[in-house]
Amino acid sequence: MSEFAPGKRVRRSARIIVIDAESRVLMFRFDVADRPPFWVTAGGECERGESFDQAARRELLEETGITADPGAQIARTTPEFVTVEGEPVQADERYYIVRLQSAQIDTSRHTPLEQKVMTQHRWFTLAELNKWHEAVFPENLAAIIQESAAI
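The sections below set out a description of the structure shown in this document.

Reading the values: the criteria
Residues numbered from 1 in each chain as written. Predicted model: local features only at pLDDT ≥ 70, side-chain atom pairs only at ≥ 80, totals over all residues. Heavy atoms only, no water. Helix = DSSP H or I, 4+ residues; strand = E, 2+ residues; numbered from the N terminus. Rg over C-alpha atoms; globule rule 2.2 N^0.38 Å. Areas by Shrake-Rupley, 256 points an atom, 1.4 Å probe, with all protein chains shown as cover. Lys, Arg positive; Asp, Glu negative; His and termini not counted. Charge placed at Lys NZ, Arg CZ, Asp CG, Glu CD. Core = buried A, V, L, I, M, F, W, Y, C linked by side-chain atoms within 4.5 Å. Buried < 20%, exposed > 50% of the residue type's maximum accessible area, 1.4 Å probe, protein only. Contact = heavy atoms within 4.5 Å. Salt bridge = Lys/Arg side-chain N within 4 Å of Asp/Glu carboxyl O. Expected span 1.5 Å × (residues − 1). Pairing = 2+ DSSP bridges.

Moving on, we get to the overall build of the chain. Counting its regular elements, the chain contains four helices and nine strands. The N-to-C order of helical and strand elements in the chain reads β-β-β-β-α-β-β-β-α-β-α-β-α. Rg of the C-alpha trace for the chain: 15 Å, near the compact-globule value of 15 Å for 151 residues, within the 12% margin. A total accessible area of about 8,100 Å² is found for the chain, and carbon and sulfur atoms account for 49% of it. With 18 positive and 24 negative side-chain charges, the chain shows a spacing of 1 Å between the two charge centroids.

In this structure, Ile16, Val18, Phe28 and Phe30 are the most contacted members of the largest nonpolar core, which totals 23 residues. If you list the elements that add at least two residues to this core, you get β1 (9-19), β2 (25-30), β3 (38-40), α1 (52-64), β7 (88-99) and β8 (118-124). When residues in this core are grouped by element, the largest group, four residues, is from α1. Not counting residues up to four positions away in its chain, the partners in contact with phenylalanine 30 are Pro37, Phe38, Val40, Val84, Val117 and Met118. Core analysis: the next-biggest nonpolar cluster, separate from the first, contains 16 residues, Val25, Met27, Tyr95 and Ile145 among them.

This part is about the pattern of salt bridges. All told, the structure shown has 17 salt bridges when counted by the stated rule. Here glutamate 45 ties to arginine 9 by a salt bridge, and the two come within 2.6 Å at their closest N and O atoms. One end of the pair, glutamate 45, is in strand β4 (residues 42-45); the other, arginine 9, is in strand β1, and 36 residues separate them in sequence. Note on glutamate 45: relative accessible area 29%, which makes it partly exposed.

Here we take up the environment of leucine 113. Its place among the elements puts leucine 113 in helix α2 (residues 112-117). Note: C-alpha distance between leucine 113 and valine 84 (29 residues apart in sequence) is 9.0 Å.

Another point: unusual backbone geometry. Following phenylalanine 137, the chain continues into proline 138 via a peptide bond in cis, with omega recorded as 0°. You can see proline 138 is positioned in the loop between β9 (135-137) and α4 (141-147). A positive phi angle is found at serine 23, which is not glycine, with a value near 65°. Among the residues examined, serine 23 registers a relative accessible area of 31% and is labelled partly exposed.

Moving on, we get to α1. A turn of α-helix holds 3.6 residues, and therefore any two residues three or four places apart point the same way. For α1, with 13 residues, the first-to-last C-alpha span of 17 Å sits near the 18 Å given by 1.5 Å per residue. Here α1 has its buried residues at Phe52, Ala55, Ala56, Arg58, Glu59, Leu60, Glu63 and Thr64. The elements touched by buried residues of α1 are β1, β2, β4, β7, α2 and β8. Positive phi shows up at glycine 65, right after α1, with a value of about 80°.

Quick look at the pairing of β2 now. The buried fraction of β2 is high, at six of six residues. The side-chain alternation of β2 yields two buried faces, one formed by Val25, Met27 and Arg29 and the other by Leu26, Phe28 and Phe30. The pairing of β2 with β8 spans six bridges and is classified as antiparallel. Across the sheet, valine 25 pairs through a bridge with phenylalanine 124, a residue of β8. Relative to β3, β2 runs antiparallel, the two being bridged by three bridges.

What follows is the structure in structure tokens.
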């Protein structure tokens, strides 16, 4: 028996928790026309034939301009959601952590769709993640970070 919901495509993705020298977490705000704004970590879907580790490195560069080794996977979630393109999916999300000395990021490699829907980025403290007035995904992000002893 599969751990995933029947009838939905499994969307494999790598998510990168980027933490700066002040122990803040980088998040991107998504503004999609048919839903309230929400915030997520850097990352995205694995390309065909790409491992989660490879996707983590590629997505980190594409979304932040950072070239770094994301290290070992620290967490996994399997939420069901509707993509920004409108496709209902069952996700298989693997999480990695990257620490930075600088809070400088470069979003110039964002795709046209990312440029449209990823309207802001911001550095959050754990306290802010826990009480933010807009949705933050995954909902247990602060716990994932604390459990991994990242902060």
